[in-house]
Amino acid sequence: METKKRRFTIEKKMYLFIFAMIFFAVASVCLFSYIINVSQIDGYFKQLTLDNAQNVASLIDADFYKELRTIAESEEYQAIRDQAEEEDDDELVIEYLQEQGMR
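Sequence order sets the numbering: in each chain, residues are counted from 1 along the sequence as written. Where local features are concerned, this predicted model is filtered to residues with pLDDT of at least 70; where side-chain atom pairs are given and counted, the filter is 80 or more; whole-chain, interface and lining totals use all residues. Each side-chain value is worked out from all heavy atoms of the structure, with water and hydrogens disregarded.

Bringing the environment of Lys5 into the picture now. The way it works is that DSSP assigns letters per residue, a run of H or I at least four long becomes a helix, a run of E at least two long becomes a strand, and they are numbered from the N terminus. In this structure, Lys5 sits in the segment before helix 1 (10-59). Using a 1.4 Å probe on the protein chains alone, a residue whose accessible area is under 20% of its type maximum counts as buried, one over 50% counts as exposed, and one in between counts as partly exposed. For Lys5, a relative accessible area of 72% translates into the label exposed.

Here it is in structure tokens:
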């Protein structure tokens, strides 16, 4: 019985080279496309978030929130809030804020 030697011929080398080049080209195009799309999607959602934040900022009453923050940072409010949390009664906080002139 004769044994045939399997050789890595030039034809097989060319097919392997062509396959490798096509695979590299496809992978490069996919990677490039992915990077561009991710960048565009990030930019779109960043702009959407910024636009929404600007819309909300234009609709709120800044003076009301400034006054509310000042009241909320006071020691008296913190004590009432802690008491309301222990008693599980939000009415204490609501009454305090109404006494302070908050709507």
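Continuing now.
With that settled, the discussion passes to the packing of helix 3 (residues 75-87) against helix 4 (residues 91-99). For helices, the fitted line uses only the C-alpha atoms of the stretch in contact; every axis is such a line through C-alpha atoms, and the angle between N-to-C directions lies from 0 to 180 degrees. Between helix 3 and helix 4, the shortest axis-to-axis distance is 8 Å and the interhelical angle comes to 155°. Classified by the angle their axes make, helix 3 and helix 4 are roughly antiparallel. Along the contact surface, helix 3 presents Glu76, Tyr77, Ile80, Arg81, Gln83, Ala84 and Glu87, while helix 4 presents Leu92, Val93, Tyr96 and Leu97. Along the lines of polarity and charge, the residues of the contact of helix 3 with helix 4 split into 7 nonpolar, 1 polar and 3 charged. For classification purposes, angles smaller than 35 degrees are called roughly parallel, those larger than 145 roughly antiparallel, those between 65 and 115 roughly perpendicular, and all remaining angles oblique. Contact definition: two residues touch when any of their heavy atoms are within 4.5 Å. Ten residue types, Ala, Val, Leu, Ile, Met, Phe, Trp, Tyr, Cys and Pro, are classed as nonpolar, four, Asp, Glu, Lys and Arg, as charged, and the remainder, Gly among them, as polar.

Here the focus is unusual backbone geometry. Positioned with a positive phi, Asp88 is a non-glycine residue whose angle comes to about 55°. Locating Asp88 in the fold gives a position in the loop between helix 3 and helix 4.

Oppositely charged side chains may form a pair once their charged atoms are brought near each other. Note on definitions: salt bridges are taken to be side-chain nitrogens of Lys or Arg within 4 Å of carboxyl oxygens of Asp or Glu. Summed over all chains, the structure comprises 3 salt bridges. Arg69 is the partner of Glu73 in a salt bridge, and the nearest nitrogen-oxygen pair spans 2.9 Å. The class of Arg69 is exposed, set by a relative accessible area of 57%. A salt bridge links Arg81 to Glu85, with the nearest nitrogen and oxygen atoms 3.5 Å apart. One end of the pair, Arg81, and the other, Glu85, are both in helix 3, 4 residues apart, so they sit about a helical turn from each other. You can call Glu85 exposed: its relative accessible area is 58%. Three or more residues joined by partner-sharing salt bridges are found here, namely Arg81, Asp82 and Glu85.

Locating Glu67 in the fold gives a position in helix 2 (residues 62-72). Looking at Glu67, the relative accessible area reads 39%, which means it is partly exposed. Along the primary structure Glu67 and Gly101 are separated by 34 residues, whereas in three dimensions their C-alpha atoms are 9.8 Å apart.

It is worth spelling out the confidence of the model for the protein at this point. Predicted confidence across the protein gives a mean pLDDT of 91, with 96% of residues reaching 70 or more. Averaged pLDDT values for the elements of the protein fall to 89 in helix 2 and rise to 96 in helix 1. Note on scores: pLDDT gives the predictor's confidence for each residue, bounded by 0 and 100.

Right, let's talk about helix 3 for a bit. End to end, helix 3 covers 18 Å across 13 residues, agreeing with the expected 18 Å (1.5 Å per residue, within 8%). What helix 3 keeps buried is the set Tyr77, Ile80 and Ala84. For helix 3, the arc enclosing every buried residue in end-on projection is 65°, short of the 170-degree limit, so these residues lie on one face. Residues of helix 3 that are exposed and angled more than 90 degrees away from the buried face: Glu75, Glu85 and Glu86. Buried positions along helix 3 lie against helix 2 and helix 4. Working rule for helices: expected span equals 1.5 Å times residues minus one. As used here, the arc belongs to the directions running from the helix axis to the C-beta atoms.

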